[in-house]
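# Secondary and tertiary structure notes
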Amino acid sequence: METKFPSKLNTLGGNMAVLQLEDGRTYTDLRAIASQLAVLNIEIDFLPANENPAFQELLVQDILNVTEKQQILAAFNSEFEQFKRVSGYKWCDLKVLHPGSQQIYALMTQSDRTHTHTDAEVLHILAGECVFGFVYSNGSQVQLMLQAEEYIKVPANTEHWFYLTPSLYLKALQYYTTAQGWVPQYTNRKLKIKN
């Protein structure tokens, strides 16, 4: 049995995540969202970022050089070490997306289709926002908007989709156990819910 990363849900005062159900109902309390997603074994949590002004300045920059990316990764090294011990992650990468990013087109034409991965998809949002959609076993769908300081772990083989909000802005840590595990296996299910 896998040990879960220690949860901040019990100490959380406020959050920004929004879960929208197919029938239009929404949830904004992280505990309620976690409860709704528990049937899919999806973990969601609040992980605060470094409050250092120099670090915060890096998060608002569109473009980061290699040294700046390494500074951000180093700031989360203890988190990564704990994830390695608890869940067996092998490496961590920093995803930096903004309207001028070369990866934006590929992301917008590939990830927003329903797919699965053979590995867990793990993101810690540092800045910006993104949306995950999920398909329940009965075929119903929900979508979840995540913002800064929120963490999500989507288990392997969970049917989902992903897209950026209109800001096209995201900085997020990604955790991996294998490179092949993040290759999408498309299911091409018709989306019933998407903003």
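Since this is a predicted model, take the numbers as computed values, not measurements.

Right, let's talk about helix H4 (residues 77-87) for a bit. Along H4, the positions that sit buried rather than exposed are Glu79, Phe80 and Phe83. Taken end-on, H4 shows its buried residues confined to a sector of 100°, consistent with a single buried face. For H4, the exposed residues set more than 90 degrees away from the buried face come down to Ser78 and Arg85.

The subject of this paragraph is the environment of leucine 19. Residue placement: leucine 19 occurs in strand E1 (residues 18-21). Not counting the four nearest positions on each side in its chain, leucine 19 is found in contact with Arg25, Thr26, Tyr27, Ile33, Gln36, Leu37, Val142, Gln143 and Leu144.

Chain-level statistics for the protein chain give a pLDDT mean of 87 and a share of 92% at 70 or above. Confidence drops under pLDDT 50 across residues 1-14; counting only partners more than four residues distant or on other chains, this segment forms 28 contacts.

Listing the buried residues of helix H1 (residues 30-37) in full gives Leu30, Ile33, Ala34 and Leu37. Burial along H1 is one-sided: seen end-on, the buried residues are contained in an arc of 100°. Contacts made by the buried residues of H1 are with E1, strand E2 (26-27), strand E3 (43-46), strand E6 (121-135) and strand E7 (141-147). With a side-chain oxygen lying 3.1 Å from the backbone nitrogen of arginine 31, the N-terminal cap of H1 falls on aspartate 29.

Once that is clear, we can look at the pairing of E7. Counting buried positions over the seven residues of E7 gives six, a clear majority of the element. The pairing of E1 with E7 spans four bridges and is antiparallel. Bridging across to E7, valine 18 finds its partner in methionine 145. The pairing of E6 with E7 spans seven bridges and is antiparallel. Bridge pairing links valine 135 to glutamine 141 in E7. Hairpin geometry of E6 and E7 is characterised by an intervening segment of five residues between the two adjacent antiparallel strands and by a positive phi of about 95° at glycine 139.

Calculation rules
- Residues numbered from 1 in each chain as written.
- Predicted model: local features only at pLDDT ≥ 70, side-chain atom pairs only at ≥ 80, totals over all residues.
- Heavy atoms only, no water.
- Buried < 20%, exposed > 50% of the residue type's maximum accessible area, 1.4 Å probe, protein only.
- Helix = DSSP H or I, 4+ residues; strand = E, 2+ residues; numbered from the N terminus.
- Arc of directions from axis to C-beta.
- Contact = heavy atoms within 4.5 Å.
- pLDDT = per-residue confidence, 0-100.
- Polar contact = N/O pair within 3.5 Å; in protein donor to acceptor, adjacent residues only side chain to side chain.
- Pairing = 2+ DSSP bridges.

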